[in-house]
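If you want the building blocks of each chain, they are given just below.
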Amino acid sequence: MSDPVDQALEGIRVIELAGPEGEWCGKLFADMGADVIKVEPPQGAASRNIGPFVADVPDGERSLFFWHYNTSKRSVTLDIETEEGRRLLRRLIERADVFLETLPPGRAAALGLGYESLSARNPRLVHVALTPFGQTGPYVDAGYQTTDLVTMALGGPMQSCGYSLEDGDLPPVRPGPYHSYHTGSHYAFIAALAALWERENSGQGQYIDVSAHAALAVTVEFASTNWEYERATIRRQTGRHAGRQPTARTQHLCADGKYVNLSLPFNQDAWHKLLAVLREKGIDLDLDVEALADPQRRFALGSTILDVLEVMTSTMTSEELFHLGQSIGLTWGAVRRPEDWLDDPHAAARGFFVEVEQPEIGRTLRYPGAPYKFLGSPWRLRRRAPALGQDNQDVYGELGLAPADLTALREASVI
């Protein structure tokens, strides 16, 4: 994986003292070229115990979760509960651009790792603290605890995700596991980049208090807008955006047992092409009438038209309908399973998936790549996730520690 071209974040060093909720942020830095040093306790990060595992063998060095979220990083072990461990960590942070941590509110300061003391020795440091509720506020004062599921519920997205009243008024559902970790990490990454940019002018770093709860609250589509402006609430709708008024059902079962998302054409050219397709298939059913020539009228009668289209979905596969609709200018799409992505020709043509050598198991694994392509300073997955403490010698060697020093620290359970 040699890289002859500089990456965008080369020269930036990040010290990551983060749990699963912040590892995605560190990965975004690392795969864009930053030197991310992941600090783990001597027994390993908690995410090493999250499955699935290679060949279903639970082992800290076989966690696919850990491998995915920690590519391109280096790993050192360090017990921050010891004074010597904290002293070493402070020395690492003195040489860093970013300190990313997910400690409980107030814990960093209690350990002597607060921004005030760290910035006194490294004024250019950007200190990013990512927590469920931020560092201050009533929930923090009361010691409220949370999980990915609870953060999703409190942040708002869950209230908009689920099923329509017509489908049984079922309870809200969450989009997927670790959604809050990704959302919080995205905002932490964006905030850190903004602070690094600002540092170019001021010469000073700063402290950034990121709340996953707040990050989710600003990613609820129209719910907040409707309430803030008109005190109106929105309703969940199966397989489509939540809204104030019910909209036409868009997901339809196909002949292969999968679903396709259908939409109605506002464009007149696409509407006439759709009518031609229906006539060709013998599914006219009186749609080619004056009343439906008006786009607004078509949307008002959307459910009636989509019911007619369901005759076609019952005889075609979801992929056939996806490509048919797109060929006549309709925003139709197959509802795919995650594994369907592996065979997507468009993803393959763009080089989305990358092969990563995994010497532990003697073969390569396919990893998802980046959704963006840089022509001048590319994203690159430089190496697989590190083994526990794999980089102790190199990283601590930079601090002047000799192998004998590391042996002594290891025997004292500091590293």
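Considerations on the overall build of the protein
Then, in step 1: For the protein, the helix and strand inventory stands at 18 helices and 13 strands.
Then, in step 2: Taken along the three principal axes of its C-alpha coordinates, the protein extends 85 × 50 × 45 Å.
Then, in step 3: Counting across all 415 residues of the protein, residues that qualify as buried make up 45%.
Then, in step 4: Restricting to contacts in the protein with at least 6 residues of sequence separation, those with at least 24 account for 67%.
Then, in step 5: Summing over all exposed atoms, the protein offers an accessible surface of approximately 21000 Å²; the carbon and sulfur share of this is 54%.
Then, in step 6: Across the protein, 40 positive and 55 negative side-chain charges occur, with their mean positions spaced 2 Å apart.

As for the pairing of strand S4 (residues 98-101)
Then, in step 1: Residues Val-98 and Leu-100 point to one face of S4 and Phe-99 and Glu-101 to the other, with burial holding for every one of them.
Then, in step 2: For strand S1 (residues 13-17) and S4, the ladder comprises four bridges, and the chain directions are parallel. Paired with Ile-15 across the bridge in S4 is Phe-99.
Then, in step 3: Here four bridges tie S4 to strand S5 (residues 126-131), and the two strands are oriented parallel to one another. Bridged to Glu-101 within S5 is Ala-129.

Points about the packing of helix H7 (residues 148-155) against helix H9 (residues 179-202)
Then, in step 1: At a minimum axis separation of 8 Å, H7 and H9 run at an interaxial angle of 70 degrees. Judged by the inter-axis angle, H7 sits roughly perpendicular to H9. Of the residues in H9, those in contact with Asp-148, Thr-151 and Met-152 of H7 are His-179, Ser-180 and Tyr-181.
Then, in step 2: Residues of the contact of H7 with H9, tallied by class, amount to two nonpolar, three polar and one charged.

Looking at the sheet that holds strand S6 (residues 207-211)
Then, in step 1: Spatial strand order, S3-S2-S1-S4-S5-S6: six strands in an open sheet with parallel pairing. Of all strands in the sheet, those with a lone pairing partner are strand S3 (74-77) and S6, marking the two edges. Along the sheet, successive strands turn relative to each other by an average axial angle of 20 degrees, direction set aside.
Then, in step 2: Bridge count for strand S2 (residues 35-40) against S3 is four bridges, and the pairing is parallel. Looking at the pairing, Glu-40 lines up with Thr-77 of S3.
Then, in step 3: Sheet contacts for helix H3 (residues 83-94): S1, S2 and S4; angle to S1, the most-contacted strand, approximately 150 degrees.

Things to note about unusual backbone geometry
Then, in step 1: Pro-52 follows Gly-51 through a cis peptide bond whose omega is 5 degrees.
Then, in step 2: Among the secondary structure elements, Pro-52 is positioned in the loop between S2 and helix H2 (64-69).
Then, in step 3: Positioned with a positive phi, Ala-55 is a non-glycine residue whose angle comes to about 55 degrees.
Then, in step 4: As for its placement among the helices and strands, Ala-55 is situated in the loop between S2 and H2.
Then, in step 5: Note on Ala-55: relative accessible area 62%, which makes it exposed.
Then, in step 6: Despite not being glycine, Ser-413 has its phi angle at roughly 60 degrees, a positive value.
Then, in step 7: Following the sequence through the fold, Ser-413 ends up in the segment after helix H18 (403-411).
Then, in step 8: By relative accessible area, Ser-413 is classed as partly exposed at 45%.

Re the pairing of strand S12 (residues 353-358)
Then, in step 1: Every second residue of S12 is oriented toward a common face, the buried set being Val-354, Val-356 and Gln-358 and the non-buried set Phe-353, Glu-355 and Glu-357.
Then, in step 2: In this sheet, strand S13 (residues 363-368) lies alongside S12 in antiparallel orientation, the contact comprising six bridges. The residue of S13 that forms the bridge with Val-356 is Leu-365.
Then, in step 3: Adjacent in sequence and paired antiparallel, S12 and S13 are bridged by four residues, among which Gly-362 carries a positive phi angle near 70 degrees.

Brief notes about the packing of aromatic side chains
Then, in step 1: Scanning all chains against the criterion turns up twelve aromatic pairs.
Then, in step 2: Both rings, one in Phe-29 and one in Phe-189, keep their centres 4.8 Å apart while their planes meet at 90 degrees; by these two values the pair is edge-to-face. In this pair, Phe-29 is assigned in helix H1 (residues 20-30) and Phe-189 in helix H9, connecting sequence segments 160 residues apart.
Then, in step 3: Classification of Phe-189 by relative accessible area gives buried; the value is 11%.

Looking at the nonpolar core
Then, in step 1: Counting 38 residues, the largest nonpolar core has Val-14, Phe-29 and Val-128 as its most contacted members.
Then, in step 2: Looking at this core, the elements that each hand over two or more residues are H1, H2, S4, S5, H9, S6, S12 and S13.
Then, in step 3: Once residues within four sequence positions are removed from consideration, Val-128 is found in contact with Val-98, Phe-99, Leu-100, Glu-101, Ala-188, Ala-192, Ile-208 and Val-210.

A few points about the sheet that holds strand S11 (residues 333-335)
Then, in step 1: Spatial ordering of the open sheet is given by S9-S10-S11, a layout of three strands whose pairing is antiparallel. Because the sheet does not close on itself, it has two edges, and the strands there are strand S9 (251-253) and S11. On average, each strand axis in the sheet is tilted by 35 degrees relative to the strand beside it, whichever way the strands run.
Then, in step 2: With three bridges joining them, strand S10 (residues 259-261) and S11 adopt antiparallel strand pairing. In the sheet register, Tyr-259 faces S11, and the bridge partner there is Val-335.

Procedures and definitions
Residues numbered from 1 in each chain as written. Predicted model: local features only at pLDDT ≥ 70, side-chain atom pairs only at ≥ 80, totals over all residues. Heavy atoms only, no water. Helix = DSSP H or I, 4+ residues; strand = E, 2+ residues; numbered from the N terminus. Buried < 20%, exposed > 50% of the residue type's maximum accessible area, 1.4 Å probe, protein only. Contact = heavy atoms within 4.5 Å. Areas by Shrake-Rupley, 256 points an atom, 1.4 Å probe, with all protein chains shown as cover. Lys, Arg positive; Asp, Glu negative; His and termini not counted. Charge placed at Lys NZ, Arg CZ, Asp CG, Glu CD. Pairing = 2+ DSSP bridges. Axes fitted to C-alpha atoms, helices over the stretch in contact; angles between N-to-C directions. Parallel < 35°, antiparallel > 145°, perpendicular 65-115°, else oblique. Nonpolar A, V, L, I, M, F, W, Y, C, P; charged D, E, K, R; others polar. Phe/Tyr/Trp six-rings, centres within 6.5 Å; stacked < 30°, edge-to-face > 60°. Core = buried A, V, L, I, M, F, W, Y, C linked by side-chain atoms within 4.5 Å.

Read these as geometric descriptors, not functional statements.
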